[in-house]
Structure formats: C-alpha cells, structure tokens
Amino acid sequence: MKVKSIFVIIIIGLQILGCKKAIEIDPPISGLVSSTVYSSDATSIAALTSIYERLMGETNFLNGTQGIALRLGLSADEFKLYSSDINLSQFYTNSLVSTNSTFWNELYNFVYSCNVAIEQLSNSTSVSSMIKQQLLGEAKFMRAFFYFYLVNIYGDVPLLLTSDYRINSIASRTPKAQVIQQMIADLKEAQNLLTSNYLGADLIASTSERTRPNKWAANALLSRVYLYNGDWANAEDISSTLINNTTMYSLVSNLNNVFLKNSSEAIFQLQPVKPSYNTLDGNSFILTSNPGISSISPVSLSSSLVGSFDTTDLRLAKWVGNYNGYYYANKYKIKGPTTAPVSEYYMVLRLAEQYLIRAEARVQQNNISGAQSDLNIIRSRAGLTNTTAATKASMLTAINRERQLELFAECGHRWLDIKRTNTIDVIMTSIASQKGAVWNSNMALLPVPLDEINKDPNLVQNPGY
Amino acid sequence: MRTEYLLTSQFDKGMIFNAIARSFVAMNKRENAALTKMLRVMKLTAILFFIACIHVSAHGLAQDHVTFAGRDVPLEQVFSAIKKQTSYLFLYNESYMKYARKVTISVKNASIKEVLDECMKDQPFDYNIEGKTIFLVNKPEPVKVKSQTTLGNLIEVKGRVVDESGEPIVGANVTIKGTSQGTATDENGYFSLAVIDENAVILVSSIGYEAHEMRVSGKTTLNISLRKAINSLDETVVIAYGSTTKRLNTGNVTSVKSTEIENQPVSNPLAALEGRVPGMVITQTTGMAGGAFKVQIRGRSSINPQVGNNPLYIIDGVPYTSQSLSNQTGVNGGSPLNFINPSDIESIDVLKDADATAIYGSRGANGVILITTKTAKTGSTKVNFNGYSGIGKVTRTAKLLNTQQYLEMRHEAFHNDAVLPTSANAPDLLVWDTTRYTDWTKELIGGTARFTDGQISFSGGNANTQFLLGGGCHNETTVFPGTFSDKKINAHFNIINTSVNQRFKLSTSGSFLADKNNSLGNGDPTSYISSIAPDAPKIYNADGTLNWANGTWGFNGNPYANLLVKYLGKTYNLISNTLLSYRILNGLDFKLGLGYNNMQYNEILATPIAFNDPSSGINTGSSEFINQSLTSFIAEPQITYEIKIGDGKLTSLVGTTLQSNTNQAHYLFADGITSDALLENSQAATSLRSVDTKSQYKYNAIFGRLNYVFRNKYLLNLTGRRDGSSRFGPGKQFSNFGAIGAGWIFSKENFIQQHFSFLSFGKLRASYGTSGNDQIGDYQFLDLYKNSSYSYQGLVGLYPNNLFNPDFAWEINKKFELGLEVGLIKDRIFISLDYFKNRSTNQLVGYSLPALTGFTSITNNLAAKVENSGIELLVNTSNISTQNFKWSTSFNISIPKNKLVEYPNFSSSSYANTYVIGQPLTISKVYHWLGVNDTTGLYQYSNSKGNPTYSPTTTDRTVIINTAPKYYGGIQNTFEYNGFQLDLLFQFVKQIGSQYLFNILPGSFGNNQPISVLNRWQNSGGGPVNYQMFSQKFTNAFKEYTNAKTSDFIYGDASFIRLKNVSISYQLPKRWKQKAHLQNCRLYVMGQNILTITRYKGNDPENQSPNNLPPLKVLTIGIQIGL
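What you are looking at is a predicted structure, and each value in this text was computed from that prediction instead of being measured.

**Thoughts on the overall build of chain B**
- For chain B, the count of helices and strands is 15 helices and 54 strands.
- Out of the 1123 residues belonging to chain B, those deemed buried represent 56%.
- In chain B, the share of contacts with a sequence separation of at least 24, taken over all contacts with a separation of at least 6, comes to 69%.
- Total accessible area on chain B is roughly 46400 Å²; 55% of this is exposed by carbon and sulfur atoms.
- Positive and negative charge centroids in chain B, built from 102 and 83 side chains respectively, lie 4 Å apart.

**Digging into the interface of chain B and chain A**
- Across the boundary between the two partners, chain B contributes 82 residues, which contact 92 residues of chain A.
- In this assembly, chain B packs against chain A so that about 7500 Å² is buried in total across both faces, 66% of it on carbon and sulfur atoms.
- Run the count over chain B and chain A and you get 0 salt bridges.
- Across the chain B-chain A interface, the total number found is 20 residue pairs in polar contact (both at pLDDT 80 or more).
- Residues of the side of chain B that touches chain A, tallied by class, amount to 35 nonpolar, 38 polar and 9 charged.
- Two elements, strand β1 (residues 31–33) of chain A and strand β35 (residues 784–792) of chain B, share 3 bridges in a ladder whose sense is antiparallel. Counted as the bridge partner of A:G31 is B:K786 from β35(B).

**Remarks on helix α17 (residues 392–406) of chain A**
- Between the first and last C-alpha of α17(A) there are 20 Å, a value that for 15 residues agrees with the 21 Å anticipated at 1.5 Å per step.
- Of the positions making up α17(A), those classed as buried are A:M395, A:A398, A:I399, A:E402, A:R403, A:Q404, A:L405 and A:E406.

**Quick look at the sheet that holds strand β20 (residues 345–351) of chain B**
Residues and elements named next belong to chain B.
- Spatially, the 5 strands line up as an open sheet ordered β15-β20-β21-β18-β19, and their pairing is mixed. Both outer strands of the open sheet, β15 (253–257) and β19 (318–320), are each paired with one neighbouring strand and no more. Each strand of the sheet is rotated relative to its neighbour by a mean of 25 degrees, with strand direction disregarded.

**Here's the deal with empty space enclosed by the protein**
Residue and element names in this part refer to chain B.
- Enumeration according to the criterion identifies 15 cavities of 30 Å³ or more in this entry.
- The space that makes up the largest cavity amounts to roughly 290 Å³.
- S267, A271, Q284, F293 and E476 are, among the 23 residues lining the largest cavity, the residues nearest its centre.
- Elements supplying a minimum of two residues to the lining of the largest cavity: β24 (465–477), β53 (1080–1094) and β54 (1112–1122).
- Of the residues that constitute the lining of the largest cavity, the class distribution is 9 nonpolar, 11 polar and 3 charged.
- Every residue lining the second largest cavity is counted, 21 residues in all, and those nearest its centre are V266, P342, S343, Y388 and D453.
- Contributions of two or more residues to the lining of the second largest cavity are made by α6 (258–262), β22 (379–394), β23 (449–461), β25 (485–498) and β53.
- Sorting elements by how many residues they give to the lining of the second largest cavity places β22 first, with 3 residues.
- Residues belonging to the lining of the second largest cavity are distributed by class as follows: 8 nonpolar, 10 polar and 3 charged.

**Here we look at the packing of aromatic side chains**
- Tallied over the entire structure, the rule returns 61 aromatic pairs over all chains.
- Ring geometry for B:F891 and B:F988: centres 6.1 Å apart, planes at 20 degrees, overall stacked. In this pair, B:F891 sits in strand β42 (residues 885–902) while B:F988 sits in strand β49 (residues 980–990), placing the two residues 97 residues apart along the sequence.
- Residue classification places B:F891 among the partly exposed residues on the basis of a relative accessible area of 26%.
- Above the face of the A:Y165 ring, A:R166 is positioned so that its terminal group lies 5.8 Å from the ring centre.
- Positioned over the ring face of A:F408 is A:K331, at 4.4 Å from the centre of the ring.

**Topic: the packing of helix α15 (residues 351–364) of chain A against helix α16 (residues 368–381) of chain A**
Residues and elements named next belong to chain A.
- Orientation of α15 relative to α16, taken along the N-to-C sense of each, is 155 degrees, at an axis distance of 7 Å. For the element pair α15 / α16, the angle class is roughly antiparallel. Relative to α16, α15 is oriented so that their crossing is left-handed. Here A352, Y355, L356, R358, A359, R362 and V363 of α15 come into contact with α16, specifically with I368, G370, A371, S373, D374, L375, I377, I378 and R381.
- Along the lines of polarity and charge, the residues of the contact of α15 with α16 split into 10 nonpolar, 2 polar and 4 charged.

**Description of the pattern of salt bridges**
- One pass over the full model with this rule turns up 49 salt bridges over all chains.
- Between A:R224 and A:E353 there is a salt bridge whose closest N-O contact spans 2.7 Å. With a gap of 129 residues between them, A:R224 in helix α10 (residues 215–228) and A:E353 in helix α15 connect regions that are remote in the sequence. Both residues of the pair, A:R224 and A:E353, belong to the buried class.
- Where B:D117 meets B:K113, a salt bridge forms, and the shortest distance between an N and an O atom there is 3.2 Å. In this pair, B:D117 and B:K113 both sit in helix α5 (residues 112–120), 4 residues apart, roughly one turn of the helix.
- We classify B:D117 as partly exposed; its relative accessible area is 36%.
- Each member of the salt-bridge network shares a partner with another, and the members are A:E265, A:D313, A:R315, A:K331, A:R350, A:R379, A:R381, A:E402, A:E406 and A:E410.

**Quick word on the environment of B:L1115**
- Residue position: B:L1115 is located in strand β54.
- Ignoring sequence-local partners within four residues, the contact set of B:L1115 consists of B:S389, B:G390, B:I391, B:V1085, B:M1086, B:G1087 and B:I1090.

**Focus: α15(A)**
- Look at α15(A): 20 Å from first C-alpha to last across 14 residues, which is about the 20 Å you get at 1.5 Å a residue.
- Among the 14 residues that make up α15(A), 13 are buried, leaving the element largely enclosed by the rest of the structure.

**Some thoughts on the pairing of strand β21 (residues 368–373) of chain B**
Residues and elements named next belong to chain B.
- Counting buried positions along β21 yields 5 of 6 residues, so the element is predominantly enclosed.
- Both strand β18 (residues 312–315) and β21 contribute to a ladder of 4 bridges, which runs parallel. Residue pairing across strands places Y313 opposite I369, the latter belonging to β21.
- Note: β20 against β21, 6 bridges, orientation antiparallel. The residue bridging I345 from the neighbouring strand is T373, located in β21.

**Brief notes about the packing of α16(A) against α17(A)**
Residue and element names in this part refer to chain A.
- As a packed pair, α16 and α17 sit with axes 11 Å apart at the nearest point and diverge in direction by 25 degrees. Relative to α17, α16 is oriented roughly parallel. Helix-helix and strand crossings are classified by hand; for α16 and α17 the assignment is left-handed. When α16 is examined against α17, the residues I368, A371, Q372, L375, I378, R379 and R381 are found in contact with a partner set consisting of K392, M395, A398, I399, E402 and E406.
- In the contact of α16 with α17, the residues fall into 7 nonpolar, 1 polar and 5 charged.

**Topic: the sheet that holds β35(B)**
- Pairing in this open sheet of 3 strands is antiparallel, and the strands run β1(A)-β35(B)-β36(B) from one edge to the other. The strands lining the two open edges of the sheet, one partner per strand, are β1 of chain A together with β36 (795–800) of chain B. Sheet twist, expressed as the mean angle between neighbouring strand axes with direction ignored, is 40 degrees.
- Where helix α3 (residues 41–56) of chain A meets the sheet, it contacts β1 of chain A together with β35 and β36 of chain B, and its direction lies at approximately 90 degrees from that of β36(B).

About the thresholds
Residues numbered from 1 in each chain as written. Chains lettered and ligands numbered in written order. Predicted model: local features only at pLDDT ≥ 70, side-chain atom pairs only at ≥ 80, totals over all residues. Heavy atoms only, no water. Helix = DSSP H or I, 4+ residues; strand = E, 2+ residues; numbered from the N terminus. Buried < 20%, exposed > 50% of the residue type's maximum accessible area, 1.4 Å probe, protein only. Contact = heavy atoms within 4.5 Å. Areas by Shrake-Rupley, 256 points an atom, 1.4 Å probe, with all protein chains shown as cover. Lys, Arg positive; Asp, Glu negative; His and termini not counted. Charge placed at Lys NZ, Arg CZ, Asp CG, Glu CD. Buried area = accessible area lost by both parts, 1.4 Å probe. Salt bridge = Lys/Arg side-chain N within 4 Å of Asp/Glu carboxyl O. Polar contact = N/O pair within 3.5 Å; in protein donor to acceptor, adjacent residues only side chain to side chain. Nonpolar A, V, L, I, M, F, W, Y, C, P; charged D, E, K, R; others polar. Pairing = 2+ DSSP bridges. Expected span 1.5 Å × (residues − 1). Axes fitted to C-alpha atoms, helices over the stretch in contact; angles between N-to-C directions. 1 Å grid on protein atoms, 1.4 Å probe; cavity = no way out; pocket = protein on both sides within 12 Å on 5 of 7 lines; lining within 4 Å. Points joined across faces, edges and corners; volume = space filled by probe spheres on them. Phe/Tyr/Trp six-rings, centres within 6.5 Å; stacked < 30°, edge-to-face > 60°. Lys NZ or Arg CZ within 6 Å of the ring centre and 35° of its normal. Parallel < 35°, antiparallel > 145°, perpendicular 65-115°, else oblique. Left-handed = near helix turned anticlockwise from the far one by under 90°.

Right under this line is the structure:
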C-alpha cells in the first residue's frame, strides 16, 4: 500500500513537471514572425525593400550570367557563347530541357512575397496609412513586373493573387490575356497609390536616388504592357505622361552617362548590393580576357548585332566595347571587384524606351510624323540622321531596328520584341543555323519546369517539351 | 560467514525449521523485500542450526515398525515414511541424496533395520543407528578406483573466478552440480564453499560467460577462468532506461559488441555496423574522412525524400544529434558520429520494434541506436594499449577513355554535327598537345591514405570505487594529391562509486573528442575527373604556378585550382553523463540521469588569390568563418521498483525527461583579402558580412514501463510515454505513445522438453505499439521572415523564409512485430526470425509543393499511409568447438518491403507523378528506352501507347524502377586456433542502381566518359549499339541524352558482395607473456572493404556516384598490449 501511494505521488509529480512551461522556447533570433513584420512601419518597409535587395543580391533573375539580359539575349540574336556551360548552351541553342527551372521558381517566389505584402498590408491597422499606401503601391507594381516576365517568357501562366498554398499548389494556367488584365489593374492601382517623387528607405523623405518605384515607374511599365497588348492609344497616352514630365526625366545626351546612378533618363533603377561590385550585368558583359575563359564572362556580342549598327552610330562607339577583336556590351562600364564607390545602378526602366513605345503606338495609329519625331529623338542622340522611313510598314521595321540597337543587352528586350512582333520564326531560323542549331516555333516559349508539372497536377507543359 | 549446508526439509508443514529454511533462502535471493527485517532476526537463529550441520526431524508417535511399498521410489520417500511411522530421526549430509539410488521395496510391519538394510543394499553409502537417530555414513571399505558415484571426504573449498583477461567476475554463481547448494562470488571474485564432497563437481556460471564445470578432486583452492560467452542468451542487452538479457527480452534489439567494433579500422562507429544488423541499411555516401552515412532502420517511412528518417541516437543516455553541422563540402553533410571514438564504445544496441522503441515516444519511429561507452571494472589497475597503422585506397573506379579514344570521340562528334572544330570550340583537338595522356582518376583520387591510431586506457578500483581513464589519437590522410588530413584526439573516463551499504551508486562518465580536419574547401575532386579531357595540359608551369593554358581548360578551369581552396574545420565534442541511484527500499530505487552534450564547430573556408584565373581580374582572396555550437541538456529522474509476485517478477519504471537543445551559429563572410597569408584573419577583408542564427528545442515527457516475467517462461512488457515538444504549435504539443510486448519461452514447457529435447531454447515474442517522428526543424509552425544578406538604401530587408502551417501534429508510426528465437543442440545453433509490419500515418513531412506557391515545400501532416514490412533472419552457429579449434558463423539476411498504401486525393497531389499507390517510395517512374534509332543515331523511347518517340513526356513514364535493396545482410565466420583468430565478414546487397554509363553529353568538350560509350552509333546499318551518336552540340542529341537519364537505360544491377571486414590476430602464448610481464599481447592485421564482387558499371556500388569518392579499402597492422 505504501508503495502504491509513493507511485501515485510520483505520477502526480510528473504530471506537474510535464507542463507546458517545460517546453516554452525563445523566439528565433534569425527572423521575425510575419504578423510582427507587418505591424510596424519600419519592418513593413524592410519586407518590401527585401524584394529590391534580393533582385540584386541573393537571386539571379536580373544578375549577370544567370540573369535575363544575358540568357534571353543568348536565346535571341544578341550574344555569342564561348563557354561550355550546359545551362547557357541550352539557352544559346534554344534547346532548353524541361528540367531547367531558370526564372520560374524565383519569379513565383517574388510573386509570393508581393501577395503576402498585399494581404498583410490590406489587413494591417498598425502601419501608418501613408506608408501603407506607398507599400501597397510598390507591391502591386512589383507583382505586375514579375508577371510581365512570366507571361512573356512562358505564355499562359497560373495567375496567383493569394499567398494560400492550398489554392496555389493546384493552380492551372490562366490565359495570357487575363494575366495582362490583372497587370494593368495592378499598375493602375500602383499609379494611384505611389507618390510621384522618389522616396528613401523611410518612405517619407524624397531622394535623388531612383531606386524605389514611384507613380512614373508604374506608368512606364503600364505603357509597355499596353504596347505589348496592342492597346496603342493607351500606350501613347501613358508614355506621353512620362515624356512630358521633363522636370524629372530627360534623355542623357552623353551616352556614356546613361547608366550612371541617378541618371535623368532613369525611371526605375536598382541599387547594386554586393560589396565591391557595381552591376553584375556589367561584370559579366565587359571583357578583359577572351570570352569563355572565365565563367564570369562567357559571351561576346554577336556579329549580327554588331553588324546592325551604322558605323557612325555613337552607340557603337560608346556602348560596344572591343577586347582582342571580341565585341562586348559596354553600357555599364565597370567590371569586377572594385574599391571605388558604386557609380552605376541597374537600369530597369528608362525614358528612351518610352519614346520608342510612343513611336510604335503612333505608327499603329497611323500617326507617322509623330512616330518619326519620337524615333528621331533617339536617333539624334546616337548621332544618326533622321529616319527615312515614311510608311507604316517601313516605320515599324525602323522602330524595331532602333529598339534592337537602343535596348540591346537590357532585360531581355530583344527576345521579347521579336516574339511580340511575330518576327521570331524568321529571325531565329537563320540565327539558329548560325549557332549550329535548328529553330522550331515552340522554342519561343520556355518549358515550365518539370518539377512543377510533376507537383501540380493541373499544370500542363508548353508544347514540344 | 554463510553456511553452505542447506536443510533437506522434506518435513511436515508448519515445522519451524522448515519456515526458517525457506525464509533464509528467500532472503538470500533478496526476493522478498517485505520480510527483510524479520529475516534479519531469524537469520541468527537459523545460522545456529546450520552450523550444527544436521538435519533433525521428529515425530510424536512412538512405533518402530514400518509398512511401505513402492517401485523405483526415491530413497527420501522411504525415509519420509519411516519418520512418519516411527520416532526415529535422520541426520545426514544432503549431498548423499544426490547419489542415492531409487529403491523398490515392499514391507509390512518390518523393523527399522530390515527396512534400512533393504533400502541400503545398493546405495553407495551406509547407515548407523545411534539411539533414535539414523545417520548416513560412507561405506567403510576403501575405494579402489575413485568414480563419480564414490563419495569422498568433506572438505572446504575456496577459490576465485576471473575472466579471460584476469578480471574478477563479481556475482558469479558457484554451485555443486546436481544440488542446489551454492554461493556467489564477492566483489573481488572470491568464493568459498564449506564442507563439500572432495569429489564434487563445481559448476560456475555468470551472465555473459560460458558456464564452466570443474571436478574438485580434493583440491581446496580453485582458480576458475570463464570464457566470454559468444552466443549466450544471457548476454546483457541494453534497452531503453536499463538492460535485460536476450533470453528475457520481449523486444527486437540487435547488439554489436566492442569486440566486433574493435576488429575494424574505422573512425566512424557507423562503418562498423554495416552488414551486421538485420533490418538496418547503412550506406557510406563518400570515402572522404568525416563523410556522411545514410542510416535507415526498417525502411523509409517518409513520403518526402528530403526527410532522412534518421534513427534516434542515445549515447549513455544522452540524446545525440543525427545531423552534422559541418559546412565542409564534399562530405554530403558529414556525420556527427564521426566525433565519437569507436574504441570508447562497449556496445551498440539497435532497437527496432515497438516494444523496444515506444518508450522513446515521439522520437522512436525510425528506430533507436543506443551507444554505451566502456565502464570501469573492479580489480587491480590495468593498462591497455592498442595501436594500429595502415593504408587505404579507393575500392573501385570506373575505367574512362584514354586520349586516343577521347580524341576519336570528339572528332566523331564534330563530324556527326557537321561542325568544323576550331581553336575556340575544340582546344582539346587543336590547341593542346594531343599526345599527352593523364589518367585523372589516378591523379586525383589514386593516392594512398595513411591511417594511424593509438589508444591507451587505465582501469581499476576496489569494491566501492572503480575508474576508467582512456585517451588516444587518430590520424588519417587522404587519397587526394596534396597534404590533407583528419586528426583526432580523444579522451574518455568513467568513475563508479558505490556506498558501503550498496544503497547509493554514482556513475559518471565523459567523452571528449577534438577533430582537426584539414581538407578541401571546394568539394570532392572525384567530381572533377570526368570533366577533364585526358589530353589536358600540364597542371603547373615551370615556376610552380598553376597553368591556366590561356583559358582553354574550359568552364571548370584548372582542376588543381580547386585543391587550393582550404577547409579547416575544428570540432570539439563533449558528452558527459551522470547516473545517480539510491536504493530507498529493497527493490525500490530512485535514479537520476543527467546528461550534457556540447559540440563546437569552428570552420574556415579560405579561397586564396591563386584560385582565380589571372585573366578574371580577381586578385583578392576570400574567407568564410563559421562558428557553431550545439548544446544539449537532459535530466531524467526515474523510479524503478522490483517485486516478486507469485512465481513471477514485476519490474516497473516511471520517469520523466526534461531536455533542452540550443543551436547557435555565426557566419562571417570576408571578401577582398589581398594576401593569402591573411586568409584566416577577417580583419584583412575589405568587406564583411555576417549571419547569426539560433534555435531552441525543448522537450518534456513522462514515461513508464511495467515488465512481468512469470516463471522465467511468460514475459509481458508494457511501455508508455507522454511527450511534449516545442517543435509543435499551440494545442499540438503533447501526445501519447505506447506499446505492448509479450514473450513465451516455450522451451521451458514440459511437453517441449520431453518431445523436442534437441530444442535448447525457444521463444516466441510479439509486440505492437506506436512511436512518433519529430524530425522537422525548430520553429516550423511559425511564419518566419529572415534578414536579407545585404542592405538596400541602407536598410536590411526582411523576406519570407517559409510557408507556414501552425496546425501540424505528431506523425504516428504503428509497429507490429512477431519473432521466433530458437536454440538448437545446446544453443550451438541459434536462429532468430522476425517478421515486422510498420505503418506510418499522419506523416509529418515537408510536403512538396510546386515552386509557384513561392516555396517548394511546407511542413504538414499527410493522411498518407506508408507500410514497411519485412523478414529478418539471424543464424548463429558454433560449427566446431574443440579445445584448440573453434569455428563459428553468424549469418543475417533482411528482406524488406516498402509500400505506399493509401493517399487520399493522390491524383491531385504533388506526388501524383512521383509515386504509385501500392508501390514502394523508392521507385522512379521512367521512360522505356527503345535503344538507338539506326537512321538518326539517336535514342528512342516508348510513349505510353508503346510507339517510339524522341520526345517522351511525363505520361510516357511507364517503367517503374525500384532502387531499394531486395535483400541484404552479412555473413561472418570466426576461426580460432590456439592463439590465432580469423574473422571474416562478408556483406551482401541485392539491388538495382543507377549505372554510370555516360557523363555529360558524350562528345562535348572536356567531358571524359566511361569506356562503355564506345559501343555507339556511327552510321546507319552499323549493327546494334548501346549508345547514340556522339555530339558536341547541346541540341537533339543532348535532349535524348537528358531523356536517357530519366529512362530505364541507365538502371542496372548494383548488387555486390563485399569482404567488409577481415581481421587476423595472434595472441602470444602465455609463457611468453609471463616472461614479458604482460597480461595480454595480441598482434593483428585488420582490413576493411578488402574485396568487392559486383557487376556494377560505375565506381562503387555502395555510394553509386561518379562524383563522390568511393569508400576506401583499408589495411592495417596493429598491436594490443595489456599490463
């Protein structure tokens, strides 16, 4: 009996010991719980800031050898590959295999960040309203930005507007048109939510640095979306607002200075974050040895691109470098680790593109002279004479050529342009054979990563993969 | 002093002598705690009687005539009748009865004398009657030949029982054969038996030793040495919170003892378990020092392949991490067991079924590995030294193309592609010296690793305090070019103190190991071999600098640049534990286990300036400094209670666990270091970046066990645990686990003993219960944001770290086991056969998600049901056992089966394209390869309709390949002849694996290939070939090459038989040792992975990777000396 009672006491004692207190732990020091993040101004700002930081830091979407400028440029006709890197070879010869998950995973991870931000900010009562408005604008702008690349690289893509993985994990592909409508809606909201001046990290003080999206950045992307969507009138309207905002934006006359930080031509730039580096695009494009020798500089500019420049084109002199007979993109001038302060920022949106957008929109609306004048602004800065094109068809060709020369090696413009203008099959058939590959129309869309197809039962692959 | 005479109390009930005698026996056996006090008083009384050495019986009736009839009745029965019917008493030494013959007698009213004469005529003894007392006496006539049936004089025998190494054996049973007379040895192994027959046979037995018989033959001093039992059912088996014997265990536990571990020249104890434990698959993933081992007990239960299903490791009661924190590249994450010195281990016990593991509750689902370190032993101070030295080389390598074959392949590729080789796309053909040939396999991994190991220990102590102190060092180099080494220094101690009254006991031990691993910072060079052409240029220029060959090396650069990147890892591992126990009452003990483990990792990863091709413009070095610590505390108060109930013994245990783990890390990234000499100084960096992490895990539980052993025949074991863990969100933290185990030793049943006498042991056991799995990271239920690496606009960002789910709960693993253990011919053949069936439900996994959700997984419970079942067989035989020659064999085989049983809404889940319901989790769904199309020279595959295609899609994956082993096991043979001992362990695995048939696109620049690619398509009509045309373009041929990797083409037989361990040792003859004043001197040769028989086409069938170093074959010689 005595023994029994001892047992009873012990068991009761153990029950007391076995309480929740014994398993209470400290919160982790390496992070914050999301409800905390979106409960204060500073941490909410930090959450949006991380998107810009990661675009330039931990992720590859915009960065150097893994970025869209180099990879989509390789897929198109801008670069020649000297490296035996398989991944780059797949882009170069337009033979991506479906196991390749370049771009997709990162883009959707960013979409998630935007969706969480939109959800949390909309519900937050403790973030001050001005900050909240600005951050919501930034999140919507960035969501549209990421979807812009998703639809234009992959075609129809799942349009995800929630952070709920239960819904997203079984999403099927949304028609491209619907994704575009959402982008337009997001950008219009961003237009209203964002301030027209550029803000610093506190989202209160104005700054000369154009490193956070503002109302004009939303406009610039919106006019591009309208253009891609064939909404010529809106494209013209919106691009005009930027071109007319001469107090903030003007073309930089010296081509060597276009890509400097705080350039007057810049509508949205990203600040390089990796210590001792400027832009990683500059780092990988600029040649200081033969291309392909180091994995950092695997490409040169293609002869077809270099050959397209008029010899008097100042862009050939100032934006194309030459090392040992190899031409390279020299829009950014600084390569490699340097101890000098950062002077070049990554250009996301710039005014010259708006002139080209308006020119094209005007041609499509049969305003040839208006288009000519826009095109000539770009040409004259490049030291070229006025365009001789006078018909709609010849003007469209002239604008396309001008886009090729003005926007080369920037954010994959060329690849998206030849797709958009349905010239891809013609151009790529000849380019592919020069690269020793064979073009097939299905290659215009990249494969959806196989893992995604395997994991999301409602997702179908693009044809041919 | 204890008397050795026992009463032959065949007398009437109620007699006081009888009661005293019984009580005394009971007290001696300490089986009846409640009576202890009373007994102490009675003890004195009893002793008085015993000293008299007499057996007295009395009866009230005064009558001298006896009536009795009986056929073959024991003599005692006649005596009993005489006592009942007359007033005579008997007085004799009990041992007479041992020799008494049965009698057949029929008398009616006969006199005492008549009856006694009749009974005694054939007995080996005689009688005397003095008054009313009948004495039994020896027969008066002298004995000519002493035989067993002859009784000698009564003498007192003293002696000592020791083990083979001369250590005293405490508590050994010393009995006189055929009687229940006996005693036990004291703390120093001494015993004495008073007044026994000088011709008696003494039987000495102790748990863990072979019983030994010895004829007294008149000697009064006996020194008895017991051999360790090789296959004893009474060997100690370590189980959760205690130990049992193989005989009485209701669970499934496989023990690997120090003798087996010490025979193997390994630096990670896991390596010593390969092929020895049924149901456990251990795969060495790399031959690099400190490399990871994949450990799986009874199959994979987690749907997510990322979840390791690691067992729970407990070292001397302290839970030990299953994951290394090492940041070294190339070791596949490393193994934390690498920081445990194998020679400190006494035994490794692998717990498999519910009965054995349920008491570990939430952590026991994947099995439990209990590691017990060596403890101190009583005796004079002993010194033991053991040292070995040896060499190692990789087991196997695949043969690659030589220069001529490589150049042929490249030219053919250009020809096939109709492309002209240029100096830009083919420097290997046009720029380099094509007469050069380097066997890169030999250059990069063909070296010889050197092993040196030395261990010394001191142990000894008296009855109350014992100590063990040991230390040693280990050094091994690598097979890579360059001076890399892994050095270890270790120390181990154990102190045991017992109070004089034996109530209080303290045992404390500690192990410390410091590891200094000077290794490669850029991974395993094995992975470079296949990406260098055999005609590649010289490594070094004349001035000793790396030859960059004008950048023609290709994408990977000069492979030796990677060897310049240094990894310097220092790991300090301290494990200590203390067990305090106090005997409150007889049978009732309080215990407190306290444990502490601290692992400290200090690592530097340094990239020197010379690593960079000068043309890259990078002229600075960089370093990464990592400091991590893992601290774990555990306190486990327990109460155990033992009581005799009826003919059985009930043992109960109740306890609680309080555990806390803290994991802290500090990373410092230093860039822009301008001198290689300053690489280890973060101050020299122009830019610094740091990351800090910390996580905490707390765990709390109550556990209990009830064990009842009835008549040493029927066994019942109940265990239970209530667990709480900080890894779960509010409301989900606590859960209950439990198991029931039962055993029936049927060989103890009479009818078995009568009809199946060849059966020396037979046990049937079964268990069923639940255990859980908590192998998810900390804080998974929180929606966490982490800091971005860099700052933007001067602000450090915060971004989502994971998708979160606050509602996940415990994963439950239900285990069923049925076991049969049979010993035949005195246990010379011992068979253990087990069937198990485990079902894992409510799976707690990182559920795979499409990346479009933002992340690729989320911690979640799945309603999926995974079943692991299987049969395990273990057979130990003692084939030959003579004085000089012994041969024993141990064989084990496991046949596992894994199955995804259920998965609600499977077709819409993210695993729909990976798994198949009813099939194992280890499958790959692949295309069916149709060979090479003779016209195009490209591979073709079968689509789902059976038609050939070049572009198979997901739905065409119709072939299911299962890469899990079909069966596996090991066979060990031990031969002993005089002082020689030979051990051979063969490991075998039957499996299908990914063959190494080709490397990245055969024909592409710089990628060397296995020679199998030579059987390729060259032109149409060229006959059947295995390999498609060579190509150097990443177009069509590349696409088909990629498809081939997802087809049945690359799978093939990866079975192997491996001479895992061989050990030959020679124990010096006794007289030599005596001359040299050595207790022990053994010379040995040990080998690991000596021979591999396989049809596998790649490097090694065990790790199956062209990019990871194959395991090493190691040969060492050594000496063991005991003073």
